[in-house]
Amino acid sequence: MDTFTAFILAAIVIGLLVRGYLKKQKKIEELARAAEEKGKLRSDGPQAQHPHIDTTYCIGCAACTMICPEGDVLAMLGGKAVIVNGYKCIGHSLCAEVCPVGAITMVLASPSMGGDTPYLTPENETTIKNMFIVGELGGLALIKNAINQGRECIDNIANRIAAPGSPKSAPGVHDVFIVGAGPGGIAASLRAIEKKLNYLTVDEGEMGGTVAKYPRQKLVMTSPVEFPTYGKFKKTELSKEDLMAFWAKVLQRADFKFHHGEKVEDVKKGEDGIFTITTSKGQHRAQNVILALGKSGSPRKLGVKGEELPKVMYRLIEADHYINKKILVVGGGDSGIEAAMGLGHQVGNEVTLSYRKEAFSRIKERNSIRIEECIRKGKVKVIFNSIPVEFKEKSVLLEVNGKREEIPNDYVWIFAGGEPPTAFLKKIGVGFGNQDLTSTGSKEAKQAKAERKAALSEVSSPAAVG
Ligand SMILES: Cc1cc2nc3c(=O)[nH]c(=O)nc-3n(C[C@H](O)[C@H](O)[C@H](O)COP(=O)(O)OP(=O)(O)OC[C@H]3O[C@@H](n4cnc5c(N)ncnc54)[C@H](O)[C@@H]3O)c2cc1C
């Protein structure tokens, strides 16, 4: 090949690469603009916590875009990170952790969302002194966040108790009362043991919280985390059963003080500053209360005729207990899709998934790929634009695009989300409002953020203005 031909070929290849790059950048620009608009309108915008990028400080290293386990939540545009698929963010916070300059802060999705979340101080204290909230109830999902918050919350409580002049423990009064034995409550309990606090943990169900309710053999993704009484827990992927077995072993070794099947119904603070906790089984008293209630609450019901039939369920744990059955799964979120796929893989099952919208919109990338495959292989039949109108003994009635269809049916699973424990929090007097989830990021990143915050407050303080 002569030099001229080589030059022309090289020019063509470079031209194609540049065209491809510009096309990709244009797409990212469109997505970023759409994400910003959607965020404002709360349609398909970020659903819970999500990264906020301070572009003044972003150095364009792309570390955040590469680390995100959900794939394409973030992208690079004009040398800066931007949110392109905010709804896919489930709050891993790894972007904030890897950002070398602390340009990323985890924040709540919108002011309206903040309004639904209890107000918490950076120490996770509610508007009621000595009452704390840890874990998903505070707005941050994920097991590692619940564990970190449970551990840190006890450290704060232990420091307060040890401070000179703090109230002395009284007989019959716990130093701390922990409500909920999911990852947040477990970590708090174990740290309380390490700190030699007089604590008690109760749960209306069993140990394990939401994790115990995951489908059997669900793959749990987590991050290395400091687990009290054990040390660094380094596994990043393991089955639900293995994680539960690990927790059970650590708790047994630590002599966990736990009442299962005891629901907290009310918490009142007396004039002496001591809390009285009323449960389904009696009363307890404590100096401090940690609420680690999670957000699942009670499953949301549809209010459809026949919903009270025993064949209608809201939680699936053992998919392989159901074979050769005609099954309807209602809901188009990750839980519904995972349940439909799990049931669809059992021998002889005919699984129909009913979803009220025209397409799945807020599901994880890998679920989106897997459900497409299940549909292609005939494992799951999806009916979009459909709502159940009646559940009968041997069939279900669906309204599909305005027309009624009756299909044979043995079991129904409904995944319509949960009623968050907001009513309970309001009843006990916890205040709600916006919060800034700044406790994410590396030590250096946190310091950079703190310095910027301090500089800002200096500039805006009356003294500085004067
Ligand atoms: C299907 C699904 C899959 C998920 N997969 C992952 C994953 O792979 N990786 C990951 O990191 N996260 C995952 N998550 C999120 C993770 O499970 C939660 O963020 C985490 O469990 C929250 O922990 P928590 O301690 O705050 O609350 P929870 O785990 O929800 O525990 C709360 C506990 O409080 C108890 N409780 C509530 N109210 C009361 C009351 N009034 N009295 C007594 N007890 C009460 C409940 O019974 C429950 O046991 C998933 C969530 C779901 C739904």
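Residues numbered from 1 in each chain as written. Predicted model: local features only at pLDDT ≥ 70, side-chain atom pairs only at ≥ 80, totals over all residues.

Our focus in this paragraph is the overall build of the chain. Along the chain, the regular secondary structure elements total 13 helices and 26 strands. Buried positions account for 36% of the 466 residues belonging to the chain. Look at the contacts in the chain between residues 6 or more apart in sequence, and 68% of them connect residues 24 or more apart. (Helix = DSSP H or I, 4+ residues; strand = E, 2+ residues; numbered from the N terminus. Buried ≥ 20, exposed ≤ 12 C-beta atoms within 10 Å, placed from the backbone. Contact = placed C-beta atoms within 7 Å.)

What follows is about the nonpolar core. Val 176, Val 179, Ala 188, Val 289, Ile 290 and Leu 291 are the most contacted members of the largest nonpolar core, which has 48 residues in total. In terms of residue count, helix 5 (residues 143–162) provides more of this core than any other element does, six residues in total. Core analysis: the next-biggest nonpolar cluster, separate from the first, contains 28 residues, Met 341, Leu 353, Phe 391 and Trp 413 among them. (Core = buried A, V, L, I, M, F, W, Y, C linked by C-beta atoms within 7 Å.)

Next up on the list: the site of the ligand. Taken together, 34 residues lie near the ligand, and Gly 135, Gly 180, Gly 182, Gly 209 and Gly 294 sit nearest. Elements represented by at least two residues in the shell around the ligand include exactly helix 5, helix 6 (183–194), strand 7 (199–203), helix 7 (209–212) and strand 8 (219–221). Within the shell around the ligand, the residues separate by chemical class into 17 nonpolar, twelve polar and five charged. (Near = placed C-beta within 6 Å. Nonpolar A, V, L, I, M, F, W, Y, C, P; charged D, E, K, R; others polar.)

What follows deals with the pairing of strand 22 (residues 395–400). Two strands pair when backbone bridges link them, and strand 21 (residues 386–391) and strand 22 are joined in this way by five bridges, in the antiparallel orientation. Across the sheet, residue Ile 387 finds its bridge partner in strand 22, namely Glu 399. The hairpin formed by strand 21 and strand 22 contains three residues between the paired strands. One ladder, built from six bridges, connects strand 22 with strand 23 (residues 403–408); its direction is antiparallel. Pairing of Val 400 across the sheet is with Lys 403, part of strand 23. What sits between the antiparallel neighbours strand 22 and strand 23 is a turn of two residues, in which Asn 401 has the positive phi angle 50 degrees. (Pairing = 2+ DSSP bridges.)

Glancing now at the sheet that holds strand 18 (residues 326–330). Read from one edge of the open sheet, five strands run 17-24-18-19-20, paired in parallel fashion. Of all the strands in the sheet, the pair left with one neighbour each is strand 17 (312–313) and strand 20 (380–383). Summarising the sheet, strand 18 and strand 24 (residues 411–414) pair through four bridges and their orientation is parallel. Bridging across to strand 24, Leu 328 finds its partner in Val 412. On the sheet, helix 9 (residues 334–344) packs against strand 18, strand 19 (350–354), strand 20 and strand 24 and is oriented at approximately 165 degrees with respect to strand 18. (Axes fitted to C-alpha atoms, helices over the stretch in contact; angles between N-to-C directions.)

Counting buried residues along helix 9, ten of its eleven residues qualify, which places the element largely inside the surrounding structure. Residues of helix 9 that are buried include every one of Ser 335, Gly 336, Ile 337, Glu 338, Ala 339, Ala 340, Met 341, Gly 342, Leu 343 and Gly 344, and no others. On its buried side, helix 9 packs onto strand 18, strand 19, helix 10 (365–376), strand 20 and strand 24.

A few words on the confidence of the model for the chain. On average, residues of the chain carry a pLDDT of 86, and 87% of them reach 70 or more. A low-confidence stretch, residues 39–47 (pLDDT under 50), is modelled with 24 contacts involving residues beyond four sequence positions or located in other chains. Between residues 456–466, whose pLDDT stays under 50, and residues either more than four places distant or in other chains, the model counts two contacts. (pLDDT = per-residue confidence, 0-100.)

Attention now moves to unusual backbone geometry. Note: most peptide bonds trans; most residues except glycine with negative phi. Phi at Ala 62 is positive, roughly 70 degrees, even though this residue is not glycine. The residue Ala 62 is located in the loop between strand 1 (50–53) and helix 2 (63–67) in this model. Classification of Ala 62 as partly exposed rests on a count of 15 C-beta atoms within 10 Å.

Another point: the environment of Lys 88. Position of Lys 88 among the secondary structure elements: in the loop between strand 3 (80–83) and helix 3 (94–98). In this structure Lys 88 comes out as buried when scored by C-beta crowding, with 22 C-beta atoms within 10 Å. Among residues more than four places away in sequence, those in contact with Lys 88 are Glu 70, Gly 71, Val 73 and Glu 365.

It is worth spelling out the sheet that holds strand 22 at this point. Spatial strand order, 21-22-23: three strands in an open sheet with antiparallel pairing. The open sheet has two free edges, formed respectively by strand 21 and strand 23, since each of these has just one partner strand. Within this sheet the neighbouring strands show an average axis-to-axis angle of 30 degrees, counted without direction.

Before going further, it helps to spend a moment on the pairing of strand 2 (residues 74–77). Here strand 2 runs beside strand 3; their pairing, made up of four bridges, is antiparallel. Directly across from Ala 75, in strand 3, lies its bridge partner Val 82. The turn joining strand 2 and strand 3, which pair antiparallel and follow one another in sequence, is formed by two residues; a positive phi near 55 degrees is taken by Gly 78.

Moving on, we get to the packing of helix 9 against helix 10. Packing of helix 9 against helix 10 brings their axes to within 10 Å, and their N-to-C directions diverge by 40 degrees. The handedness of the crossing between helix 9 and helix 10 comes out as left-handed. Residue-level inspection shows Asp 334, Ile 337, Glu 338, Met 341 and Gly 344 of helix 9 in contact with helix 10, the latter providing Asn 367, Arg 370, Ile 371 and Cys 374. Along the lines of polarity and charge, the residues of the contact of helix 9 with helix 10 split into four nonpolar, two polar and three charged. (Left-handed = near helix turned anticlockwise from the far one by under 90°.)

Axis separation between helix 6 and helix 8 (residues 240–254) bottoms out at 11 Å; the angle between their running directions is 30 degrees. Relative to helix 8, the element helix 6 is oriented roughly parallel. Judged by the twist between their axes, the crossing of helix 6 over helix 8 is left-handed. Two secondary-structure elements touch here, helix 6 through Ile 186, Leu 190 and Ile 193 and helix 8 through Trp 247, Val 250, Leu 251 and Ala 254. Classifying every residue of the contact of helix 6 with helix 8 by side-chain character gives seven nonpolar, no polar and no charged. (Parallel < 35°, antiparallel > 145°, perpendicular 65-115°, else oblique.)

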